[in-house]
Amino acid sequence: MILRAIDALALLAPRERSELLETLSVRSSEKQHWQDVARRMYVPFHDGVISQFEGYERLAELDWDEYRRRYGNIQRLDRILEAEGDDVNRYRLRNKPTC
């Protein structure tokens with residue numbers, strides 16, 4: 001969105017651009033800030049899906065079927081993993097669990 005706003009401003013004639021920025025109370029320093037933010041902004045993807053965070057795709061895949069077989073109700077998987085000395089944060093939890 002920020003890049004589109006910058007592009008839209010670039011399409012306007014200088015006078016129209018100035019009038020719009022004044023109407024919107026956009027200071028000249030803000031335009032540079034928009035460019036800085038847009039340049040640093042990054043949305044990680046894996047397998048065509050937005051990742052929860054960078055590195056998400058490198059997490060292990062949880063074997064849901066194995067945990068259901070062993071424990072039945074895995075509604076509190078976080079506690080099950082903790083009891084096993086493991087951590088839910090090591091896994092990609094892509095499937096919605098059915099308890």
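Up top is the structure.
Please read these numbers as outputs of a predicted model, since none were measured by experiment.

## Regarding unusual backbone geometry
Right, so step 1: Here Ser 25, not a glycine, exhibits a phi torsion of approximately 60 degrees, which is positive.
Right, so step 2: Here Ser 25 shows up in the loop between α2 (14-23) and α3 (28-40).
Right, so step 3: Looking at Ser 25, the relative accessible area reads 57%, which means it is exposed.

## Points about the pattern of salt bridges
Right, so step 1: Under the definition given, this model contains 12 salt bridges.
Right, so step 2: With a shortest N-O distance of 3.9 Å, Asp 47 and Arg 92 are connected by a salt bridge. Residue Asp 47 is found in the loop between β1 (45-46) and β2 (49-50), and its partner Arg 92 is found in strand β4 (residues 91-92); the two are separated by 45 residues along the sequence.
Right, so step 3: Overall, the relative accessible area of 62% leaves Asp 47 in the exposed class.
Right, so step 4: The exposure class of Arg 92 is buried, given its relative accessible area of 13%.
Right, so step 5: Between Asp 78 and Arg 76 there is a salt bridge, with its nearest N and O atoms 2.7 Å apart.
Right, so step 6: It is possible to trace a salt-bridge network through shared partners that takes in Glu 66, Arg 69, Arg 70 and Glu 84.

## With respect to the nonpolar core
Right, so step 1: Judged by nonpolar contacts, Leu 62, Trp 64, Tyr 67, Ile 74, Leu 77, Ile 80, Leu 81 and Tyr 91 together constitute the single largest core of 8 residues.
Right, so step 2: Contributions of two or more residues to this core are made by α4 (64-71) and α5 (77-83).
Right, so step 3: Looking at which element gives the most residues to this core, the answer is α5, with 3 residues.
Right, so step 4: When sequence neighbours within four positions are dropped, the list of residues in contact with Leu 81 reads Tyr 67, Asp 86, Asp 87, Val 88 and Tyr 91.

Definitions and cut-offs
- Residues numbered from 1 in each chain as written.
- Predicted model: local features only at pLDDT ≥ 70, side-chain atom pairs only at ≥ 80, totals over all residues.
- Heavy atoms only, no water.
- Helix = DSSP H or I, 4+ residues; strand = E, 2+ residues; numbered from the N terminus.
- Buried < 20%, exposed > 50% of the residue type's maximum accessible area, 1.4 Å probe, protein only.
- Salt bridge = Lys/Arg side-chain N within 4 Å of Asp/Glu carboxyl O.
- Core = buried A, V, L, I, M, F, W, Y, C linked by side-chain atoms within 4.5 Å.
- Contact = heavy atoms within 4.5 Å.

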